[in-house]
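Spelled out from the first residue to the last, the chains are:
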Amino acid sequence: MPIRRFEQRLESLIDGTFTKLFRSSVKPVELGRRIIREMDMGITLGVHGQSLAPNKYTIYLSTHDHSQLASVSESLIRELEETLRKHAVEEKYSFVGTVNIKMEISTDHRNGSFQIISELTENNVGAPPGALVINEGERIQLGQSTIRIGRGDDTTIQIDDPEASRTHAEIRQSGSTYIISDLSSTNGTIINGNRINEHVLRDYDTITIGKTSIRFEAS
């Protein structure tokens, strides 16, 4: 997707949400434009020829701008991370670790100026990047531990859905991927409209259990 379309998304999703809440001399859409450019400039080729994008970003701001953005920093970072994920999907970039953005104070920067430093960083436990997105945006990071999904109290992700079995499905790491397996559920586990017994999850796969939808993101 052209960079301008991402700018338009940032203007509507970020500036429209946050502009009235603070008066920082650094505007969210400026951060969005620069961080996308930083991603594009930081692309490197992996051993299999894939385009690897930086996944860790540190934004350095003046003390004033950092304090002005502090009240909305969590929401702003969440929107910027989502924008980077969507840009990576459009450009067919891959990540070696989970996308992470943080904002830091820098005494070297005056009001209105900022710097973004990017890195390619693997997750601490060596697990591949991956997350489940549920409830309109709630993100659950995946790792080495097996995730069980169902109605039961002993599941990792408990879903309030009468069509789900008590222990319906599980997700486990397998090398550089995650695999979802149906656990002999009554109504089955659906991936992108198809019933599966076992499936290697790919970016933006939709997992349907009863009336509940969960999105897998490889970031």
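Refer to the preceding data block for the structure.
Residues numbered from 1 in each chain as written. Predicted model: local features only at pLDDT ≥ 70, side-chain atom pairs only at ≥ 80, totals over all residues. Heavy atoms only, no water.

> Please provide a residue-by-residue account of the nonpolar core, values included.
The biggest cluster of nonpolar side chains holds 22 residues, and the ones touching the most others in it are Leu31, Ile35, Ile59, Leu84 and Ile101. Looking at this core, the elements that each hand over two or more residues are α2 (28–41), β3 (56–61), α4 (73–91), β5 (100–105) and β6 (114–119). By residue number, the principal contributor to this core is α4, which donates 5 residues. Among residues more than four places away in sequence, those in contact with leucine 84 are Ile35, Ile36, Met39, Tyr57, Phe95, Val99 and Ile101. Counting 20 residues, the second largest nonpolar core, distinct from the first, contains Leu142, Ile147, Tyr178 and Ile214. (Core = buried A, V, L, I, M, F, W, Y, C linked by side-chain atoms within 4.5 Å. Buried < 20%, exposed > 50% of the residue type's maximum accessible area, 1.4 Å probe, protein only. Helix = DSSP H or I, 4+ residues; strand = E, 2+ residues; numbered from the N terminus. Contact = heavy atoms within 4.5 Å.)

> Summarise unusual backbone geometry; cite the residues concerned and give the values.
A positive phi angle, near 55°, is found at serine 184, a position not held by glycine. Residue placement: serine 184 occurs in the loop between β12 (177–182) and β13 (189–191).

> Talk me through the pattern of salt bridges; I want residue IDs and the actual numbers.
Applying the stated criterion across every chain, the model contains 11 salt bridges. Note that arginine 85 is salt-bridged to glutamate 81, the shortest N-O span being 3.7 Å. Of the two residues, arginine 85 and glutamate 81 both sit in helix α4, 4 residues apart, roughly one turn of that helix. Each member of the pair, arginine 85 together with glutamate 81, is buried. (Salt bridge = Lys/Arg side-chain N within 4 Å of Asp/Glu carboxyl O.)

None of this, on its own, says anything about what the molecule does.
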